[in-house]
Amino acid sequence: MLNIVIFGGPGSGKGTQSEFIKKKYSLDHISTGDVLRAEIKKGSELGQMCSDIISKGQLIPDDLMIKILAKQFDSFENSNGVIFDGFPRTIAQATALNDILIERGTKVAGVVALEVEEQELIARLIKRGQISGRSDDNEETIAKRLHVYNNQTSPLIEFYKNEGLYKGIEGMGTMEEIFNRICVAIDSL
Ligand code: AP5
Ligand code: MG
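Reading the values: rules and limits
Residues numbered from 1 in each chain as written. Chains lettered and ligands numbered in written order. Predicted model: local features only at pLDDT ≥ 70, side-chain atom pairs only at ≥ 80, totals over all residues. Heavy atoms only, no water. Helix = DSSP H or I, 4+ residues; strand = E, 2+ residues; numbered from the N terminus. Buried < 20%, exposed > 50% of the residue type's maximum accessible area, 1.4 Å probe, protein only. Near = heavy atom within 4 Å. Polar contact = N/O pair within 3.5 Å; in protein donor to acceptor, adjacent residues only side chain to side chain. Areas by Shrake-Rupley, 256 points an atom, 1.4 Å probe, with all protein chains shown as cover. Nonpolar A, V, L, I, M, F, W, Y, C, P; charged D, E, K, R; others polar.

Caption draft 1: Highlighting unusual backbone geometry. For the peptide bond that leads from F87 to P88, omega is 0°, which places it in the cis range. Position of P88 relative to the elements: it lies in the loop between β3 (82–85) and α5 (91–103). Of note in the backbone geometry, S26 takes a positive phi value of approximately 50° without being a glycine. Within the secondary structure, S26 is located in the loop between α1 (14–25) and β2 (28–31). Residue S26 is classed as partly exposed on the basis of its relative accessible area of 45%. Positive phi is not limited to glycine here, since N78 has a value of about 45°. Inspection of the secondary structure puts N78 in the loop between α4 (62–74) and β3. In this structure N78 comes out as exposed when scored by relative accessible area, which is 81%.

Next up, the structure:
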């Protein structure tokens, strides 16, 4: 299986690039943010629990997120591999992902990390906020998401560098330019 973590700050292009990658490499895609937003839309118990946390730009507790992730992963049949988008976001989640994959006889093949300047992230999310209706695409929550990313998620850069899996990608430019850089990185795995 070609399991790829797509990593980067809020608005770095994880969702956008995942769509291109999954088509080209015939992979499945898990976006934990999309899963949670779908639960909110359904009005499920999980959705009700997460709605406030997402609006505040905070993280869903690790143990809950890890269970959701494992369930999604196990729902794929005869998968060529999975793109993990928005997961892991903490060291605990990264360790759990390794365990989940090892238990299933596979592993993370590489971490495609979109490197984008903070000012560009803010500009992209504010622009999307004017049309998306996402409860977290407003100036105040964007600032909180960046804070959470810098404190809780960015330590994963060192974690994956130590595992020899980190592939830094220049994440500024057109979507096509960035996708071409990602393909070079994936083809080298
Ligand atoms: P999540 O949905 O994962 O949001 P995020 O990481 O903050 O990032 P986004 O989805 O906003 O951005 P993206 O990197 O996918 O970029 P996109 O392609 O959309 O998580 C939301 C919340 O859910 C979290 O805050 C947390 O509360 C919770 N959550 C989720 N996973 C969790 C976990 N594992 N643990 C705990 N809690 C969790 O692009 C952004 C915009 O930029 C778009 O408008 C796009 O069109 C545009 N764009 C893309 N590429 C370019 C480009 N090259 N040039 C110009 N514009 C571009
Ligand atoms: Mg996304």
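After that view, the rundown keeps rolling.
Caption draft 2: Molecular detail of the site of ligand 1. Lining the immediate surroundings of ligand 1 are 31 residues, of which T16, T32, Q58, R89 and R128 lie closest. Contact distances for ligand 1 include 2.9 Å between an oxygen atom and a side-chain N or O atom of K14. Interatomic distance of 2.7 Å between a side-chain N/O atom of T32 and a nitrogen atom of ligand 1. For ligand 1, whose unbound accessible area comes to 1,000 Å², protein coverage reaches 88%. Breaking the shell around ligand 1 down by element, the ones donating at least two residues are α1, α2 (32–42), α6 (118–132) and α9 (175–187). For the shell around ligand 1, a count of residues per class yields 10 nonpolar, 13 polar and 8 charged.

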